[in-house]
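Now for the letters of each chain:
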Amino acid sequence: MAAPYLRTRPALSAALRPLAPKPRFQSFPRRPNSTTTPMTTTTTTTTTATPTEPTKAAVVDPSSLSRRLKLSAYATALAAVLGVGYYYATDTRASVHQYLVPPLLRTIFPDAEEAHHVGTAALKGLYETGLYIRERVPESPNGPLSVNVFGKQLLNPIGISAGLDKDAEIPDPLFALGAGVVEVGGCTPFPQEGNPKPRVFRIPSVDGLINRYGLNSRGADAMATRLRERLRKFARSVGLTDNEVLNEEGTDGIPPGSLHPGRLLCVQIAKNKKTDEKDVNAVIRDYVYCVDKLAPYADVLVVNVSSPNTPGLRDLQATEPLTKLLSAVVDAAQQTKRKTKPRVMVKVSPDEDDDTQMEGVVEAVWNSGVDGVIVGNTTKRRTGIVPKGVKLIDDEPKILHEEGGFSGPALFDRTVNLIGRYRKMLDGYALKSESDKSPAQKVLFASGGITNGEQALRVLNAGASVAMVYTAMVYGGSGTITRIKSEMKEKLADKSA
Ligand SMILES: Cc1cc2nc3c(=O)[nH]c(=O)nc-3n(C[C@H](O)[C@H](O)[C@H](O)COP(=O)(O)O)c2cc1C
């Protein structure tokens, strides 16, 4: 992610250069009778001067006047540079966010995880000081990209997928970058370290990443505390109580999770590594613990059964354990002390992609009453990642075989294919299903390799309601969502012209 503080430094140093004459200004009071005396001092001198010397004291020294004019010109220029610099550096459309910051971060921080922490800290710090990067073009609920998801009219269908903000530290700075949906987490019930470092690797020649974080998390209690504090601040700022905000009383339908009109906050939950995946009841306890803690602050709860770096997690995608797990989560979500209960989605892997496996997931989705599916996640496969004509450089061929999940543009064709197939299977199952627990159509979000507006439109046309990005932001910087949306608008305008 971008480290915006890096951008402000050159602008500041350039702007501060004109202050060089400052010491001369400071020396004025120490020389009251000199010819460079400023006007205020001159007035005093005039009243005490002898009658034979009035004209000398009243004369304004031309060099002093010109110095003062210069100073005020410098001050005005400085203010203008700071103002323009601030406006530029905090706008998601600024090209530095795309062309300067991501390569700079890669150079300064060879470890991708460290770069990520620096980017997160910068986004957080800038948000707290009000100097945050934001989308300045307002969006309307009736705009060309608006979309209805779970009965809410969203401003746009672009989401940030799980893992970018694992501990829900920066949901608001991420919304400010223009996302219609932000998914925080994955969060485990109890804190866990994840795998030993290094555990994230870049492959810049294919704009790809490999990670084996292993769901490092500060735990559900810590995330709940952070989200509760965020809710409190918001409630205070609009003069309501926490309960009124949670129950959408007097908030004009602002979603109680995102706390932003026309946007949704997803909270992703997972099991601890040490919980035996074969003990389904223990697994259920893990997820339900997270639901109890986090559901009040979520518009959507996402059940993660697809991260490749937690042993046995993907086995939970088999129909029977998945149905049990999802039913328990749906039931627990229904107990949330809130007028509108959070929706529940399940995030599935792109690697379990034969028809039988997918039909098993579809069956579990319909039978459990889950509201939708996020398709997919990182892949364990290493085929088809390097496009024809692209050559991996330096140690990239070795990195490509690091253990973990690959993400990046190479995933896209599989994502669009999986979305089309899941759409068909879910809709087909609906015709047979007698379930009345859920809305008629299950909602799909797409995740995997989405990098530009054309690809976002393709997954939406294939049946998804939201196109989610992660790796595209690592390489494309904090203006990525704005860029994708403007490419989408251009494509839509071309079509209708
Ligand atoms: C460093 C990293 C950490 C991730 N952490 C999570 C996670 O905690 N939970 C999850 O479901 N997906 C996680 N993902 C997967 C992403 O949410 C996304 O599904 C995947 O990267 C494919 O999309 P992309 O090609 O746009 O990156 C992570 C991905 C990366 C690169």
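Above this text is the structure in question.
All of these numbers come straight from a predicted model, not from anything done at the bench.

## What to know about a nonpolar patch on the surface
Thought 1: There is a patch of nonpolar side chains on the surface, built from Val60, Leu65 and Leu69 and spanning about 260 Å² of accessible area.
Thought 2: Take leucine 65: it is sitting in helix α5 (residues 62–89).
Thought 3: A relative accessible area of 41% means that leucine 65 is categorised as partly exposed.

## Quick word on the site of the ligand
Thought 1: Around the ligand lies a shell of 26 residues, among which Ala162, Gln268, Ser447, Gly449 and Thr471 are the nearest.
Thought 2: Take lysine 166: an N or O atom from its side chain is 2.9 Å from an oxygen atom of the ligand.
Thought 3: A distance of 3.1 Å is found between an oxygen atom of the ligand and a backbone nitrogen or oxygen belonging to tyrosine 470.
Thought 4: Contact with the protein chains hides 98% of the accessible area of the ligand, taken as 600 Å² for the molecule alone.
Thought 5: Elements represented by at least two residues in the shell around the ligand include exactly β4 (181–187) and β6 (208–211).
Thought 6: Residue classes in the shell around the ligand are distributed as seven nonpolar, 17 polar and two charged.

## Section: the packing of aromatic side chains
When we look at a pair of aromatic rings, we describe it by the centre distance and by the angle of the planes.
Thought 1: Per the counting criterion, the structure on display carries three aromatic pairs.
Thought 2: An angle of 70 degrees between the planes, with centres 6.2 Å apart, marks the rings of tyrosine 86 and tyrosine 87 as edge-to-face.
Thought 3: Of the residues examined, tyrosine 86 reaches a relative accessible area of 30% and is grouped as partly exposed.
Thought 4: Centre to centre, the rings of phenylalanine 190 and tyrosine 289 are 5.0 Å apart; their planes meet at 45 degrees, and the pair counts as tilted. Here tyrosine 289 lies in helix α12 (residues 280–294) and phenylalanine 190 lies in the loop between β4 and β5 (200–203), a separation of 99 residues in the sequence.
Thought 5: Above the face of the tyrosine 86 ring, arginine 136 is positioned so that its terminal group lies 5.9 Å from the ring centre.

## Observations concerning the sheet that holds strand β7 (residues 264–269)
Thought 1: On the basis of which strands lie adjacent, the closed barrel formed by eight strands has the order β3-β4-β7-β8-β9-β10-β12-β13 and parallel pairing. Taken over all neighbouring pairs, the strand axes of this sheet differ in orientation by 25 degrees on average, direction set aside.
Thought 2: As paired elements, strand β12 (residues 443–447) and strand β13 (residues 466–469) share three bridges and run parallel to each other. Note that in β13 the partner of alanine 446 across the bridge is alanine 467.
Thought 3: The strands that helix α19 (residues 480–496) touches are β3 (158–160) and β13; relative to β3, the one it contacts most, it runs at about 160 degrees.

Procedures and definitions
Residues numbered from 1 in each chain as written. Predicted model: local features only at pLDDT ≥ 70, side-chain atom pairs only at ≥ 80, totals over all residues. Heavy atoms only, no water. Patch = residues over 30% accessible without salt bridge, like charges linked within 9 Å, V, L, I, M, F, W, Y side chains within 5 Å. Areas by Shrake-Rupley, 256 points an atom, 1.4 Å probe, with all protein chains shown as cover. Salt bridge = Lys/Arg side-chain N within 4 Å of Asp/Glu carboxyl O. Helix = DSSP H or I, 4+ residues; strand = E, 2+ residues; numbered from the N terminus. Buried < 20%, exposed > 50% of the residue type's maximum accessible area, 1.4 Å probe, protein only. Near = heavy atom within 4 Å. Polar contact = N/O pair within 3.5 Å; in protein donor to acceptor, adjacent residues only side chain to side chain. Nonpolar A, V, L, I, M, F, W, Y, C, P; charged D, E, K, R; others polar. Phe/Tyr/Trp six-rings, centres within 6.5 Å; stacked < 30°, edge-to-face > 60°. Lys NZ or Arg CZ within 6 Å of the ring centre and 35° of its normal. Pairing = 2+ DSSP bridges. Axes fitted to C-alpha atoms, helices over the stretch in contact; angles between N-to-C directions. Contact = heavy atoms within 4.5 Å.

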